[in-house]
Number of protein chains: 2
Amino acid sequence: MADQKIRIGIVGYGNLGKGVELAIRQNDDMELFGVFTRRDPEQLQLATDGISKYRVEEAETFKDQIDVMILCGGSATDLKEQGPQFASLFNTVDSFDTHAKIPEYFESMDHAARESGKVAAISVGWDPGMFSINRMYGEAVLPQGKTYTFWGKGVSQGHSDAIRRVKGVKNGIQYTIPVEAAVNRVRHGEDPELSTREKHLRECFVVAEDGADKAAIEQEIKNMPNYFSDYDTVVHFITEDQLKADHSAMPHGGFVIRSGKTGAQQDTKHIVEYSLKLESNPEFTSSVLVAYARAVYRLHKAGESGAKTVLDIAPAMLSAKSGAQLRKELL
Amino acid sequence: MADQKIRIGIVGYGNLGKGVELAIRQNDDMELFGVFTRRDPEQLQLATDGISKYRVEEAETFKDQIDVMILCGGSATDLKEQGPQFASLFNTVDSFDTHAKIPEYFESMDHAARESGKVAAISVGWDPGMFSINRMYGEAVLPQGKTYTFWGKGVSQGHSDAIRRVKGVKNGIQYTIPVEAAVNRVRHGEDPELSTREKHLRECFVVAEDGADKAAIEQEIKNMPNYFSDYDTVVHFITEDQLKADHSAMPHGGFVIRSGKTGAQQDTKHIVEYSLKLESNPEFTSSVLVAYARAVYRLHKAGESGAKTVLDIAPAMLSAKSGAQLRKELL
């Protein structure tokens, strides 16, 4: 282990930023240098006493004192601009998760990081992230086969937001739930063709405003294009108190299943399954970010630069243990 | 994709060698150059017509015509000597699986491969192999937690051999079976301390010789130190015909489960599970070997040399797809 700890900066202090702060505590070879925010730093209540808080504009000043910046903003708004800005000054890790825009984001981060000679790990987390790794290993090891990804049971932020935009809705939350019958067919190697509706259910818990037309709300949700109309959707009306009491955690998870065939007749079946059951989506995601911060630090020390995804980074780079230790203890 | 296919040689043609031969067919960017055997090549019956068969001593002649040699011998006898010999001439992949001797084997392969400027991927398969990767990711991402590995249901070659050495036993096979109650406790995040007996059962199907004392056989098996005495062992007596009809497949599999905790109070639970259900242990193992042959070929082309384990090799190295394709399709 190096004597010098890896100095981490956090940019953005929402659920993810807080998760990163807590995850760093679990890694003895790292220390939190400070938190950078667009809000008033004075107002920021951190989980740890004595950690420095800065305005995001001050970050450049600490260019030589921070080994890796973990960018905890959202893909939709923050990262697109913030990502390349930070990659031009720091090694970075982020959780950019707008799948369709990853190629474009990769290019802009790669450009910025090559210019600065830094390493930028993008789209780190569990999907994209650990799930991507498992999709890739599954396909590479069993080229003849099918890959299935199921999400849930878990809260979808996007779908929860969509519910809350419906007229007469005061508050609400949406759970994505994998259809068990479909998961079981896949696990049994049936290789089914599954429609969107057959793979996932959507369950909504809605707080209606006083006097709102609940039947109308339910219909509007169920028929909402893109978000709900292609799914079997269940709507429950509950009170604000129930929502707070029973639905304030952010669980998530899911499965990546590779169903493959080998042999002379291509009839020997194999099922590879990777599954996550997470009590807190942001806390798990931030734990992944922190492990990749270690990898980024090492890759940069080894002279690499540019953007990387989880697919480009060898597993051992994530571990605080030496190669010899890993071979002895984990191989 | 490169125009030139990756030319693979197979050393040793048992179940694993045959599996490699079949797995190469599933990968368009590879071709089988030939099979090298210590037996009489004339007598070797390959699954594919027209593939060249050679004596293992002839291998050196083809030094420049083979990109990667996949070593399909066993760890106990063949690989210890054969490994370094081949690594001094070729890029290699092997499935060395004597866990306790991996550090020593790594050193000797690393030395040979550095001298020759080749790359040697050692201990590739599913355990060591895919399971090792998952143990490592689990620990790195969730540093506070416990890792559990369960094997089975599957045939253990070592335990089957042990049964067959018992006096009065004509033939036999042993299945390692994870104890479901233990697996479920782990899956529910109980983090139990599990004894050897609590984790796995051993089920034996035994063909006794005519007139043998079955009660004595059963006692001898159940009390055999190291192999059975620490386990709950079930012994069934069957006929040779039943053994052939019902027990000639080589299924295997198992689970790696990481149970971890995060959060300010370290009380947010996460369960990460990787599971394999394999209808044929050798066919799956050889599919993993072939995917890593691609990685070895590329690492060598990129100027690397020395021994590598699955932990040292980035996921993307295994895939025939380009980085851009992977980011678009799988990330």
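Residues numbered from 1 in each chain as written. Chains lettered and ligands numbered in written order. Predicted model: local features only at pLDDT ≥ 70, side-chain atom pairs only at ≥ 80, totals over all residues. Heavy atoms only, no water.

(A) Structural context of the nonpolar core. In this structure, Val93(A), Tyr292(A), Val93(B) and Tyr292(B) are the most contacted members of the largest nonpolar core, which totals 158 residues. Residues within four places of Val93(A) in sequence aside, it is in contact with Val68(A), Met69(A), Ile70(A), Leu71(A), Ala121(A), Val124(A), Leu289(A), Tyr292(A), Ala293(A) and Val296(A). (Core = buried A, V, L, I, M, F, W, Y, C linked by side-chain atoms within 4.5 Å. Buried < 20%, exposed > 50% of the residue type's maximum accessible area, 1.4 Å probe, protein only. Contact = heavy atoms within 4.5 Å.)

(B) Focus on the interface of chain B and chain A. Each side of the interface is counted separately: chain B has 68 residues, and chain A has 68 residues. A per-residue breakdown of the area chain B buries against chain A is headed by Gln26(B), Arg327(B) and Leu331(B), which together make up 15% of the total. Remark: the boundary between chain B and chain A carries two salt bridges. Here Lys321(A) makes a salt bridge to Glu139(B), at a shortest N to O gap of 2.9 Å. Across the contact surface, chain B and chain A share 28 residue pairs in polar contact (both at pLDDT 80 or more). Of all elements in the fold, only α3 (102-116), α4 (130-141), β12 (252-262), β13 (268-278), α10 (281-301) and α11 (323-329) of chain B reach the threshold of two or more residues within the side of chain B that touches chain A. Take the side of chain B that touches chain A: its biggest share by element is eleven residues, from β13(B). Looking at the side of chain B that touches chain A residue by residue, the classes come out as 33 nonpolar, 18 polar and 17 charged. Here strand β13 (residues 268-278) of chain A pairs with β13(B) via nine bridges, running antiparallel. Following the sheet pairing, Leu276(A) is matched in β13(B) by Val272(B). (Buried area = accessible area lost by both parts, 1.4 Å probe. Salt bridge = Lys/Arg side-chain N within 4 Å of Asp/Glu carboxyl O. Polar contact = N/O pair within 3.5 Å; in protein donor to acceptor, adjacent residues only side chain to side chain. Helix = DSSP H or I, 4+ residues; strand = E, 2+ residues; numbered from the N terminus. Nonpolar A, V, L, I, M, F, W, Y, C, P; charged D, E, K, R; others polar. Pairing = 2+ DSSP bridges.)

(C) Structural detail: unusual backbone geometry. Cis geometry is adopted by the peptide bond preceding Lys153(A), which originates at Gly152(A) and carries an omega value of -5°. One non-glycine residue, Gln266(B), lies in positive phi territory at about 55°. Counting through the fold element by element, Gln266(B) comes out in the loop between β12 and β13.

(D) Up close: the environment of Glu304(A). Relative to the elements of secondary structure, Glu304(A) occurs in the loop between α10 (281-301) and β14 (306-308). Reaching out from Glu304(A), the side chain makes a polar contact with the side chain of Lys308(A) at a distance of 2.6 Å.

(E) The side chain of Asp67(A), seen in detail. The residue Asp67(A) is located in the loop between β3 (52-55) and β4 (68-71) in this model. If we skip the residues at most four places from it in the chain, Asp67(A) touches Lys5(A), Ile6(A), Arg7(A), Asn91(A) and Tyr297(A).

(F) Highlighting helix α1 (residues 15-24) of chain B. Where burial is concerned, most of α1(B) is hidden: eight out of the ten residues are buried. Among the residues of α1(B), Leu16(B), Gly17(B), Gly19(B), Val20(B), Glu21(B), Leu22(B), Ala23(B) and Ile24(B) are the ones counted as buried.

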